[in-house]
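As a plain string of letters, each chain reads:
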Amino acid sequence: MLSYLALFLILQNASYFTNAATVYLCGDSTMAKGGQGIEGWGEHLGTFLTIPVQNKAIGGRSVRGFTNEGRFDAVAKVVQPGDTVVIEFGRNDGGTLKNDSRGQVPCPGDGTQTCEGKYKDQPVTVYTFPGYLARAGKAMTSKGAKVIFSAMLPHNIFWTSKPGAEPNLNPTPPKFVEYAKNAVLMVGPGASYVDHWDSTVKMYRELGKEKTYALFAKEADPIHTNAIGAKKTAESFVRAVLEAQDPLKGYVKKS
């Protein structure tokens, strides 16, 4: 008969080996759960991975807004060694500090620059886009987690704002794509970059105009995907992970 101590050790070891690593997602509406026909790719990432996914993304947020609301802090409190945190922003990060009333706009710059701003009518130090990413990334890596800075999603490349105009099938990535790369250097070990932008642009070109339009919730909205589009952009994220040879590739399901 096993002693209580031996039984405890067996159960403890069993628990250790069955506690899978977790992927946490931080982002905006292009990643978030959504509603009213709109769905973000984070809701489908788990389909392609062998480990659980916790989608903490929320619509309408910039990386500064996500920071101000304590959402990165909430994730940092629960991550454990071996977990992965995917951070993807850029869609709501434009604008100017002068006209910012919601604490969303970052300081202009590609590195450690800072500006003076306000949040809830109080003076605050405002960091750059990569500065906020790096602060969040360091909070995760300090807990033993890995962090992936993912390039923001492109819009529907076949959509044009002017009727009859030719679409740009190879759009120039906005500055936030390059800034995400800068954040990797600012964090150092434990951080990596995945080019979700480029992977998705390639996917849209492969699908063609008609099939690409079918991925979006509304014909006039080139940004927000429906459930089918969300799954396809989750697939394009996985493709980018594999292309980058990111450590997360070890958890991608075999096809």
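Since the structure is predicted, the reported quantities are computational estimates derived from the model, not experimental observations.

Caption draft 1: Spotlight on the nonpolar core. Core analysis: the largest hydrophobic core is formed by 42 residues, its most contacted members being F72, I87 and F149. Ranked by the residues each element gives to this core, the list is headed by helix α5 (residues 175-187), at seven residues. Dropping the residues within four chain positions of it, F149 is found in contact with I87, L133, A134, G137, A180, A183, V184, V187, A191, S192, Y193 and V194. In terms of nonpolar packing, the next biggest core, distinct from the first, is built from 22 residues, L25, M31, L49 and V252 among them.

Caption draft 2: Seen up close, the pattern of salt bridges. On inspection of all chains with the given rule, the structure shows seven salt bridges. Residue R71 is joined to E69 by a salt bridge in which the shortest nitrogen-to-oxygen separation is 2.6 Å. R71 gets classed as partly exposed once you look at its relative accessible area, which sits at 28%. Using a relative accessible area of 37% as the deciding quantity, one classes E69 as partly exposed. One salt bridge connects E235 with K232, and the closest N-O pair in it is separated by 3.5 Å. Of the two residues, E235 and K232 are both situated in helix α8 (residues 227-244); the distance of three residues between them amounts to about one turn of the helix.

Caption draft 3: Region of interest: the packing of aromatic side chains. Taken as a whole, this structure holds nine aromatic pairs when the rule is applied. Taking the centre distance of 5.9 Å and the plane angle of 55° together, the rings of Y204 and F216 count as tilted. Within this pair, whereas Y204 is found in helix α6 (residues 196-207), its partner F216 is found in the loop between α7 (209-213) and α8, the two being separated by twelve residues in sequence. You'll find Y204 and F216 in the same group, each marked buried. An aromatic cluster is built from F66, F72 and F89, whose rings are joined through pairwise contacts. A cation over a ring is seen here: R135 above Y127, with NZ or CZ 4.2 Å from the ring centre.

Caption draft 4: Geometry of the packing of helix α3 (residues 71-78) against helix α4 (residues 129-141). As a packed pair, α3 and α4 sit with axes 9 Å apart at the nearest point and diverge in direction by 15°. Judged by the inter-axis angle, α3 sits roughly parallel to α4. For the crossing formed where α3 meets α4, the hand is right-handed. Where α3 approaches α4, its residues F72, V75 and A76 are matched on the opposing element by A136, A139 and M140. Considering only residue class, the contact of α3 with α4 consists of six nonpolar, no polar and no charged.

Caption draft 5: Expanded view of the sheet that holds strand β1 (residues 23-27). Overall, parallel pairing links the five strands, which are arranged β2-β1-β3-β6-β7 in an open sheet. Of all the strands in the sheet, the pair left with one neighbour each is β2 (53-55) and β7 (191-194). Across the sheet, the mean angle from the axis of one strand to that of its neighbour is 20°, orientation sign disregarded. The pairing of strand β3 (residues 84-88) with strand β6 (residues 146-150) spans four bridges and is classified as parallel. Within β6, the residue paired with I87 across the bridge is F149. Packed on one face of the sheet, α5 meets β6 and β7 and runs near 160° to β7.

Caption draft 6: Spatial organisation of the state of the cysteines. Here the structure, examined in full by the defined rule, presents one disulfide. In this model, C107 is linked to C115 through a disulfide, with the two sulfur atoms separated by 2.0 Å. Between C107 and C115, the S-S torsion sits near 55°, and that sign places the bridge as right-handed. Exposure class is identical for C107 and C115. Each is buried.

Caption draft 7: Layout of α4. Taking 1.5 Å as the rise per residue, α4 with 13 residues should run 18 Å; its terminal C-alpha atoms sit 18 Å apart, in good agreement. Those residues of α4 that fall on the buried side of the exposure criterion are F129, P130, G131, Y132, L133, A134, A136, G137 and M140. In the core, the buried residues of α4 are packed alongside α2 (63-68), α3, β3, β5 (122-127), β6 and α5. Of the residues that open α4, the one with a side-chain oxygen 2.9 Å from the backbone nitrogen of G131 is T128.

Caption draft 8: Highlighting α5. Compared with the 18 Å implied by 1.5 Å per residue over 13 residues, the 19 Å span of α5 between its first and last C-alpha is a close match. Of the positions making up α5, those classed as buried are F176, V177, Y179, A180, N182, A183, V184 and V187. G188 sits one or two residues past α5 and shows a positive phi near 90°.

About the criteria used
- Residues numbered from 1 in each chain as written.
- Predicted model: local features only at pLDDT ≥ 70, side-chain atom pairs only at ≥ 80, totals over all residues.
- Heavy atoms only, no water.
- Core = buried A, V, L, I, M, F, W, Y, C linked by side-chain atoms within 4.5 Å.
- Buried < 20%, exposed > 50% of the residue type's maximum accessible area, 1.4 Å probe, protein only.
- Helix = DSSP H or I, 4+ residues; strand = E, 2+ residues; numbered from the N terminus.
- Contact = heavy atoms within 4.5 Å.
- Salt bridge = Lys/Arg side-chain N within 4 Å of Asp/Glu carboxyl O.
- Phe/Tyr/Trp six-rings, centres within 6.5 Å; stacked < 30°, edge-to-face > 60°.
- Lys NZ or Arg CZ within 6 Å of the ring centre and 35° of its normal.
- Axes fitted to C-alpha atoms, helices over the stretch in contact; angles between N-to-C directions.
- Parallel < 35°, antiparallel > 145°, perpendicular 65-115°, else oblique.
- Left-handed = near helix turned anticlockwise from the far one by under 90°.
- Nonpolar A, V, L, I, M, F, W, Y, C, P; charged D, E, K, R; others polar.
- Pairing = 2+ DSSP bridges.
- Disulfide = S-S within 2.5 Å.
- Expected span 1.5 Å × (residues − 1).
- Polar contact = N/O pair within 3.5 Å; in protein donor to acceptor, adjacent residues only side chain to side chain.

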